[in-house]
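Letter by letter, the chains look like this.
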Amino acid sequence: MNAPFDTSLATGPNALLQPAPDHQIAVIGLGYIGLPTAAVLANHGWNVCGVDVSEDVVRTVNAGGVHIEERDLDQLVHNAIASKKLTASTAVPAAHFYLIAVPTPLCEKNTPDVSYVEAAARAIAPKILPGACIIVESTSPVGTTEKVARIIAEMRSDLAVPAFDQTLDAQADIALAYCPERVLPGKIVHELESNDRVIGGITPACAERAAALYTSFVKGDCLKTNVRIAETVKLVENSFRDVNIAFANELSMIADEIGVDVWDVIRLANRHPRVNVLQPGPGVGGHCIAVDPWFLVAGAPKAAKLVSTAREVNDYKAEHTQKRIRALLDAAPGGRVALLGLAFKPDIDDFRESPALEIAASLAPDLGENMLVVEPFAQTLPAELQGTGVQLVGLDAALSEAEVIVILVDHTAFKHLVSNDFAGRIVFDTRGMLKR
Ligand code: SAJ
């Protein structure tokens, strides 16, 4: 498919300008962050081209549809396409702003894989015109945005590319910045506009240039800093949460051993004015908190002891939960178990890195048809459970047919349940849903 923008952008060598209504924005990667961002920008009047390597995704978006479930996203994309402010393409266009929102997965050994960001930089480089601003949003190890700058500088010797230690940045032809996404799945559309943003420039002028874009649609504050601090801030945010959840998860295992109710302990401890223990669960999932802390560890493996231990505790919690379910089944030989929820957190259809799914998949080969699953956000069983004999059933069937019931996700659809609904059953409530 051809790029929809013309290549004669009205910018010159010193045109690190304020954004203008006719400026064009290319969002590279139309996933959980890129697509909502592209749609929000388009609905704020920008001309946006969303770029994705998948022809299916491009076709779906151009037809006004969405390939991911996220509250309010379908209407937003529909409006953006109908107003012709958003188009999608597999080709990178010439644009005034480039936003890179591609995945940064983990390699084996928990080291970051930034190859998609590098590929995006290589795809953008030939199209960049003087005056353009390139912003990385993907969660990235510190130094990634400077890597993007080096790739562009190597491929475009005709452009003066800014460097981190450069003092006279007024000479640069383009701007480069890092602005991490920090939106919560399930509230992405709302938080894209309401959250504060941290904007790190390779130089101060780069931060100014990128901030001019974000202030056009963000209601929160746009906080400018340097690129390395902004990259670190993102990793710190998710590591902070991971470490705190690890404390709650460790506490739940300690409580099991010493025989006290962890939910009562947390509820009462949190009445202290400076204590706020988070909630234990079956482990930590999603593509952010279960992954990003490793990027911080990779940068300073010896120093990041607490961060890496927290990751191990949260990963272990899924194994611990699975072992406890097996122990409960030993007490009900031949009995059926019903698992309530497979998603990585409540009220979401996202199963990535889900501890609930990991637990189900590890039990399935042994339990087969003795395992029932209730997941209001799945029409069919995820691939990991198909062909195992496990059945996807409704809540009522699960409650009447299973001897052991495990609450793995506190979806709203389960929240009306009270202890009496489980009379005569063995219940394992990993989320403390029945206590809240
Ligand atoms: N969880 C617990 N106990 C808690 C809170 C969460 O076990 O008390 C579990 C959840 O069940 C889930 C996991 O942690 O499995 C992560 O859920 P979450 O709601 O804490 O976070 P995410 O992964 O959906 O989104 C996070 C957010 N980061 C922070 O809150 C610091 C979001 O703002 C980021 O934009 C997102 O990561 C991201 O994309 O990085």
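For clarity, every value in this text was computed on a predicted model and none was experimentally measured. (Residues numbered from 1 in each chain as written. Predicted model: local features only at pLDDT ≥ 70, side-chain atom pairs only at ≥ 80, totals over all residues. Heavy atoms only, no water.)

**What to know about the packing of aromatic side chains**
- Summed over the entire model, instances satisfying the criterion amount to 2 aromatic pairs.
- One cation-aromatic arrangement involves R228 over F164; the distance from NZ or CZ to the ring centre is 3.8 Å.
- A cation sits over an aromatic face here: R324 above F428, 4.3 Å from the ring centre. (Phe/Tyr/Trp six-rings, centres within 6.5 Å; stacked < 30°, edge-to-face > 60°. Lys NZ or Arg CZ within 6 Å of the ring centre and 35° of its normal.)

**Thoughts on the domain arrangement of the protein chain**
- Under the domain assignment, the protein chain is made up of domain 1 (23-220) and domain 2 (236-429).
- Just the C-alpha atoms count here: the centres of domain 1 and domain 2 sit 34 Å apart.
- With 14 residues of domain 1 in contact, the opposing surface of domain 2 contributes 13 residues.
- At the boundary of domain 1 with domain 2, total buried surface from both sides reaches about 1,200 Å², with 63% on carbon and sulfur atoms.
- For the pair domain 1 and domain 2, the interface holds 1 salt bridge.
- Among the ionic pairs, R182 bridges to E237, the shortest N-O distance being 2.2 Å.
- Here domain 1 is connected to domain 2 by 2 residue pairs in polar contact (both at pLDDT 80 or more).
- The residue inventory of the side of domain 1 that touches domain 2, partitioned by class, reads 7 nonpolar, 5 polar and 2 charged. (Domains from an automatic or database assignment. Contact = heavy atoms within 4.5 Å. Buried area = accessible area lost by both parts, 1.4 Å probe. Salt bridge = Lys/Arg side-chain N within 4 Å of Asp/Glu carboxyl O. Polar contact = N/O pair within 3.5 Å; in protein donor to acceptor, adjacent residues only side chain to side chain. Nonpolar A, V, L, I, M, F, W, Y, C, P; charged D, E, K, R; others polar.)

**Examining the packing of helix α11 (residues 305-330) against helix α12 (residues 355-367)**
- With their axes 9 Å apart at the nearest point, α11 and α12 run at an angle of 40 degrees to one another. As summarised for this structure, α11 and α12 are arranged oblique, according to the angle between their axes. The two elements α11 and α12 meet at a crossing, and its hand is right-handed. For the pair α11 and α12, contact is made by A318, T321, Q322, I325, R326 and L329 and by P355, E358, I359, S362, L363, D366 and L367, respectively.
- Here the contact of α11 with α12 is composed, by residue class, of 7 nonpolar, 3 polar and 3 charged. (Axes fitted to C-alpha atoms, helices over the stretch in contact; angles between N-to-C directions. Helix = DSSP H or I, 4+ residues; strand = E, 2+ residues; numbered from the N terminus. Parallel < 35°, antiparallel > 145°, perpendicular 65-115°, else oblique. Left-handed = near helix turned anticlockwise from the far one by under 90°.)

**As for the pairing of strand β1 (residues 24-28)**
- Counted residue by residue, β1 has 5 buried out of 5 residues, so it is predominantly covered.
- In this structure, β1 lies alongside strand β2 (residues 47-51), joined through 5 bridges in parallel fashion. Among the inter-strand pairings, I28 is bridged to a residue of β2, identified as V51.
- For the segment spanning β1, helix α1 (residues 34-43) and β2, crossover handedness is right-handed.
- For β1 and strand β4 (residues 97-100), the ladder comprises 4 bridges, and the chain directions are parallel. (Buried < 20%, exposed > 50% of the residue type's maximum accessible area, 1.4 Å probe, protein only. Pairing = 2+ DSSP bridges. Right-handed = clockwise from strand over helix to strand, strands pointing away.)

**Notes on the site of the ligand**
- Neighbouring the ligand are 21 residues, the closest being E181, V183, K234, R241 and Q279.
- A distance of 2.7 Å is found between an oxygen atom of the ligand and a backbone nitrogen or oxygen belonging to V183.
- A distance of 2.7 Å separates an oxygen atom of the ligand from a polar side-chain atom of R241.
- Compared with its free state, where it exposes 770 Å², the ligand has 88% of that area covered by protein.
- Looking at side-chain class alone, the shell around the ligand contains 9 nonpolar, 4 polar and 8 charged residues. (Near = heavy atom within 4 Å. Areas by Shrake-Rupley, 256 points an atom, 1.4 Å probe, with all protein chains shown as cover.)

**Let's talk about helix α3 (residues 73-82)**
- Of the positions making up α3, those classed as buried are L73, L76, V77, A80 and I81. Along the axis of α3, the buried residues cluster in a sector spanning 125 degrees; they form a single face.
- Residue K84 follows α3 closely and has a positive phi angle near 65 degrees. (Arc of directions from axis to C-beta.)

**Comments concerning the sheet that holds β4**
- Taken together, the 8 strands give an open sheet; going across it, the order is β3-β2-β1-β4-β5-β6-β7-β8, and neighbouring strands pair in mixed fashion. Two strands close off the open sheet at either side, each with one partner strand: β3 (86-89) and β8 (222-226). On average, each strand axis in the sheet is tilted by 25 degrees relative to the strand beside it, whichever way the strands run.
- The sheet contact formed by strand β7 (residues 197-201) and β8 spans 5 bridges and is parallel. Each bridged residue has a counterpart across the sheet, and for R197 the counterpart in β8 is C222.
- Along the sheet face, helix α4 (residues 115-124) touches β1, β4 and β5 (133-136) and points at about 160 degrees away from the line of β4.
- Across the sheet, helix α5 (residues 144-155) is in contact with β5 and β6 (175-178); its angle to β6 comes to roughly 155 degrees.

**Here we look at unusual backbone geometry**
- Unlike most non-glycine residues, K109 shows phi in positive territory, near 65 degrees.
- Within the secondary structure, K109 is located in the loop between β4 and α4.
- The phi angle at D347 is positive, at roughly 60 degrees, despite the residue not being glycine.
- Relative to the elements of secondary structure, D347 occurs in the loop between β9 (337-340) and α12.
- Overall, D347 belongs to the partly exposed group, its relative accessible area being 33%.

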